[in-house]
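Residue strings, one per chain:
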Amino acid sequence: METGKKTLILDLHKIGALKFGEFKLKSGATSPFYIDLRSIISYPAIIKNIVSLLKAELADKKFDVITGIPYTALPLAAQVSVEIDTPLVYQRKEVKAYGTGKLIEGHFKEGQTCLIIDDLITTGESKFEAAEGMEHAGLKVHDFVCLIDRSFNGEEILATKGYKLSSIITVEDMISVLGAEGKLDVELAQKVREFVATPVDKPLKKFADRVESTTSPMTRKLMDAMLRKQSNLVLSLDVEDTASFFEILEAAGPEIFMVKTHVDIMKDFNGSFVPRLKALAERHDFIIFEDRKFADIGSTVRKQFRSGVYKIADWAEYVTVHMIAGEAILDGLFGDLEIPRSGFLLARMSAKGNLISETYTRQVLEVGKRRKECVSGYIGHGANVDDIKRFRNKIPQDQLLLMPGVNLDTKGDGLGQQYLTVEDAIEGGADAIIVGRGIVASADPGAEAKRYREAAWNAFQSKNK
Ligand code: S5P
């Protein structure tokens, strides 16, 4: 190993930026090591060494501007930028949303390539958010350079979106240097190795175990319905007249565990619609889900949900909710309600060019995790199986992922809808698929619903064996 790397490892250990022992993580898990590089800025000799290591690492890479992810990596990138005579740009941390202020500081031209430096890589999530900010501003991103790679499979994760990762030191480098110097005993070194070799995101447990560990009654109700009905198919019944609505629902009823409505589409909605729908739901044992996509302030959505012509709360046990207006929307919808109701949060959308960002998705999931009593899961989508898996990994196991934009026979609808296959949706980690026109527009919706149910349930069963 290069002297510079060895010196860096020893120095980081000396200043307490690298520690070994037992450390409690935010997630509750215990880690045998701890890395916190925030204090390195106070050690000019260390910075000098890092800058020269970074400089060497960048030598074969092509880029026009350089950045460091705030806060720790920004001063490093600033030094490197001077050394290699390449402009620095940086993304403001405090600007929460695009459009509300200048997101990137510094001068650059659209289409230029930005290389991103960071101190650590663990899950890769913050790298995606950083890349997204740069790309949103018109820069291209290819390369990430991290000082320490402590990830399970960081390179692979970044490669799912076409990025390349290189790192200065790995956990194995640290073990070998500190071990040789007598600063890390063999037993602890082994624990560190094992810890790093375990994926940060636990793979999805078997569905049966997830059901057992689910405490929210409204989420449990959906899971039980899936098992009872042996179906993970949600029918999206977007038709405009009640006659077709009930004809299709009668035919598809035996195959689905839930029907998803857009009640405001119906031209001839009247007082008999809800009683008929409820009777059919009871007869065929399916749940009613209104895809209202509430998005307004708490006080308004409360009225939209409970009042007006449709009185949605009276008959739809589940509804979809956008989080754009913030967490209070959940209090507006579900607070002070005497009947049990629950929501699915739109975390990602299937529509081409939709404006949902990685950061937004993460924030939606954060709210959903806090509010399991009224959030049964998420609506989500993905570019491919790996992309869906990465997203699914962030969803708690006791919440559900429903996936629309699924079609066995076509890739799109000419209006921006993007379809995945049933297999890819389930393989990626969807618990249930939402299918509309794949069933509704066919000549025999009953037979088609059966086809989708079998494909989805079989794939789900094999995944949960
Ligand atoms: O991202 C989304 C979220 C939803 S809820 N993409 C979607 O397509 N949906 C809904 O799923 C959409 O409103 C429609 O009701 C259904 C998809 O219908 P299909 O005919 O394209 O299968």
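Per chain, the residues get numbers from 1 upward, laid out in the order the sequence is written. Restriction of local features to residues with pLDDT of at least 70 applies here, the model being predicted, together with a cutoff of 80 or more for giving and counting side-chain atom pairs; totals for whole chains, interfaces and linings are based on all residues. The basis for every side-chain value is the complete set of non-hydrogen atoms in the structure, without hydrogens or water.

Quick look at the packing of aromatic side chains
When we look at a pair of aromatic rings, we describe it by the centre distance and by the angle of the planes.
For step 1, the next point in the chain: Pairs were defined over the aromatic rings of Phe, Tyr and Trp, the Trp ring being its six-membered one, requiring ring centres within 6.5 Å. Orientation was assigned from the angle between planes: stacked under 30 degrees, edge-to-face over 60, tilted for the rest. For the coordinates displayed, the defined rule picks out 15 aromatic pairs.
For step 2, the next point in the chain: Centroid distance F207 to F460: 5.0 Å. Interplanar angle 70 degrees. Geometry classified as edge-to-face. Placement of the pair is F207 in helix α8 (residues 207-212) and F460 in helix α19 (residues 445-463), with a sequence separation of 253 residues.
For step 3, the next point in the chain: Partly exposed describes any residue whose relative accessible area lies between the buried limit of under 20% and the exposed limit of over 50%, with all areas from a 1.4 Å probe on protein chains only and scaled to the type maximum. On the basis of relative accessibility, which here comes to 4%, the residue F460 falls in the buried class.
For step 4, the next point in the chain: Both rings, one in F289 and one in F344, keep their centres 5.4 Å apart while their planes meet at 55 degrees; by these two values the pair is tilted. With F289 in strand β11 (residues 287-294) and F344 in strand β13 (residues 342-346), this pair connects stretches of sequence that are 55 residues apart.
For step 5, the next point in the chain: The rings of F245, F246, F269, F273 and Y310 are connected pair by pair, giving a single aromatic cluster.
For step 6, the next point in the chain: A ring is scored as having a charge over it whenever the NZ atom of a lysine or the CZ atom of an arginine sits within 6 Å of its centre and within 35 degrees of its normal. Across from the ring centre of F128, 5.5 Å away, lies the NZ or CZ of K161, which sits over that ring. Working definition: helices are DSSP H or I runs of at least four residues, strands are E runs of at least two. Numbering for both runs from the N terminus.

Digging into the site of the ligand
For step 1, the next point in the chain: Residues in contact with the ligand amount to 16 residues; listed here are only the nearest, D238, K260, S350, Y419 and R437.
For step 2, the next point in the chain: Any N or O atom pair separated by 3.5 Å or less is treated as a polar contact, with the protein-specific requirement of one donor-capable and one acceptor-capable atom, and with residues adjacent in sequence counted only for side-chain atom pairs. Note that a nitrogen atom of the ligand is positioned 2.7 Å from one of the side-chain N or O atoms of S350.
For step 3, the next point in the chain: Backbone polar atom of R437 to an oxygen atom of the ligand: 2.7 Å apart, as the coordinates give it.
For step 4, the next point in the chain: For this classification, the nonpolar set comprises Ala, Val, Leu, Ile, Met, Phe, Trp, Tyr, Cys and Pro, the charged set comprises Asp, Glu, Lys and Arg, and every other residue, Gly included, is treated as polar. Counted by class, the shell around the ligand contains six nonpolar, five polar and five charged residues. Proximity criterion: a residue is near a molecule or strand once any of its heavy atoms comes within 4 Å of it.

Some thoughts on the nonpolar core
For step 1, the next point in the chain: Nonpolar cores are built from buried Ala, Val, Leu, Ile, Met, Phe, Trp, Tyr and Cys residues. Side-chain atoms within 4.5 Å join them into one set. L249 and I433 are the most contacted members of the largest nonpolar core, which totals 86 residues.
For step 2, the next point in the chain: Ranked by residues supplied to this core, first place goes to α19 with seven residues.
For step 3, the next point in the chain: Non-local contacts of L249, meaning those with residues more than four positions away in its chain, are made with L235, L237, I256, V259, L277, L280, H284 and F286.
For step 4, the next point in the chain: Within the second largest apolar cluster, 41 residues are counted, among which are L53, L58, V80 and L184. The contact definition used throughout considers only heavy atoms, calling two residues in contact when any of these lie within 4.5 Å.

A look at the domain arrangement of the protein chain
For step 1, the next point in the chain: Where a domain begins and ends is set by an automatic assignment or by a domain database. Partitioning the protein chain into domains gives domain 1 (3-196) and domain 2 (207-463).
For step 2, the next point in the chain: One C-alpha centre belongs to domain 1, the other to domain 2, and the line joining them spans 39 Å.
For step 3, the next point in the chain: Of the residues lining the interface, eight residues belong to domain 1; the matching set on domain 2 comes to eight residues.
For step 4, the next point in the chain: In the sections that follow, a salt bridge refers to a side-chain nitrogen of Lys or Arg positioned within 4 Å of a carboxyl oxygen of Asp or Glu. Taken together, the connections running from domain 1 to domain 2 amount to four salt bridges.
For step 5, the next point in the chain: Put simply, K394 and E125 hold a salt bridge, and the shortest N to O gap is 2.9 Å.
For step 6, the next point in the chain: Inspection of the region where domain 1 meets domain 2 yields six residue pairs in polar contact (both at pLDDT 80 or more).
For step 7, the next point in the chain: Sort the elements by how many residues they give to the side of domain 1 that touches domain 2 and helix α4 (residues 125-136) lands first, with four residues.

Let's talk about the pattern of salt bridges
For step 1, the next point in the chain: Under the criterion given, the structure shown has 38 salt bridges.
For step 2, the next point in the chain: Of the charged contacts, one joins R38 and D36 as a salt bridge, the two residues approaching to 2.7 Å between their closest N and O atoms.

Description of the sheet that holds β11
Hydrogen bonding along the main chain pairs the strands of a sheet, whether they run parallel or antiparallel.
For step 1, the next point in the chain: With parallel pairing, eight strands are arranged side by side around a closed barrel as β9-β10-β11-β12-β13-β14-β15-β16. Averaged over neighbouring strand pairs, the angle between their axes works out to 30 degrees when direction is ignored.
For step 2, the next point in the chain: As judged from the four bridges shared by β13 and strand β14 (residues 375-379), these two strands associate in the parallel manner. Note that in β14 the partner of G343 across the bridge is V375.
For step 3, the next point in the chain: Interaxial angles span 0 to 180 degrees and are taken between N-to-C directions of axes, which are lines fitted to C-alpha atoms, for helices over the stretch in contact. Together, β10 (258-261), β11, β12 (318-321), β13, β14 and β15 (400-403) form the strand contacts of helix α9 (residues 217-229), whose direction differs from that of β14 by roughly 65 degrees. Any two strands with at least two DSSP-identified bridges between them are counted as paired.

Some details on the pairing of strand β3 (residues 65-68)
For step 1, the next point in the chain: Here β3 shows no split at all, with V65 and T67 on one side and I66 and G68 on the other all buried.
For step 2, the next point in the chain: Relative to strand β6 (residues 113-121), β3 runs parallel, the two being bridged by four bridges. Its bridge partner being in β6, T67 is matched across the sheet by I116.

What about the layout of surface pockets?
For step 1, the next point in the chain: The distinction between a cavity and a pocket rests on a 1 Å grid over the protein atoms alone: a 1.4 Å probe fits inside a cavity but cannot get out, while a pocket stays open yet meets protein on both sides within 12 Å along at least five of seven lines, and a residue with an atom within 4 Å of a point counts as lining. Grid points are joined across faces, edges and corners, and a volume is the space filled by probe spheres set on the points. The calculated volume of the second largest pocket comes to roughly 710 Å³.
For step 2, the next point in the chain: Around the second largest pocket, the lining comprises 30 residues; the ones closest to its centre are E132, K161, M349, N354 and I356.
For step 3, the next point in the chain: Contributions of two or more residues to the lining of the second largest pocket are made by α4, α15 (358-370) and α16 (385-392).
For step 4, the next point in the chain: At five residues, the largest contribution of residues to the lining of the second largest pocket is made by α4.
For step 5, the next point in the chain: Among the residues forming the lining of the second largest pocket, the class breakdown is eleven nonpolar, nine polar and ten charged.
For step 6, the next point in the chain: No fewer than three residues from each of domain 1 (3-196) and domain 2 (207-463) sit in the lining of the second largest pocket.

Description of the sheet that holds β3
For step 1, the next point in the chain: With parallel pairing, the four strands of this open sheet are ordered in space as β3-β6-β7-β8. The outermost strands of the open sheet, each flanked by one partner alone, are β3 and β8 (164-170). Sheet twist, expressed as the mean angle between neighbouring strand axes with direction ignored, is 20 degrees.

Thoughts on the packing of α4 against α15
For step 1, the next point in the chain: Contact pair α4 / α15: the axes reach a minimum separation of 8 Å and the direction vectors enclose 135 degrees. When the interaxial angle is binned, α4 and α15 end up oblique. Taken together, the residues of α15 that come into contact with α4 (itself represented by E125, F128, E129 and E132) are E358, T359 and R362.
For step 2, the next point in the chain: Split by residue class, the contact of α4 with α15 holds one nonpolar, one polar and five charged. Orientation categories follow fixed angle ranges, with anything under 35 degrees roughly parallel, anything over 145 roughly antiparallel, 65 to 115 roughly perpendicular, and all other angles oblique.

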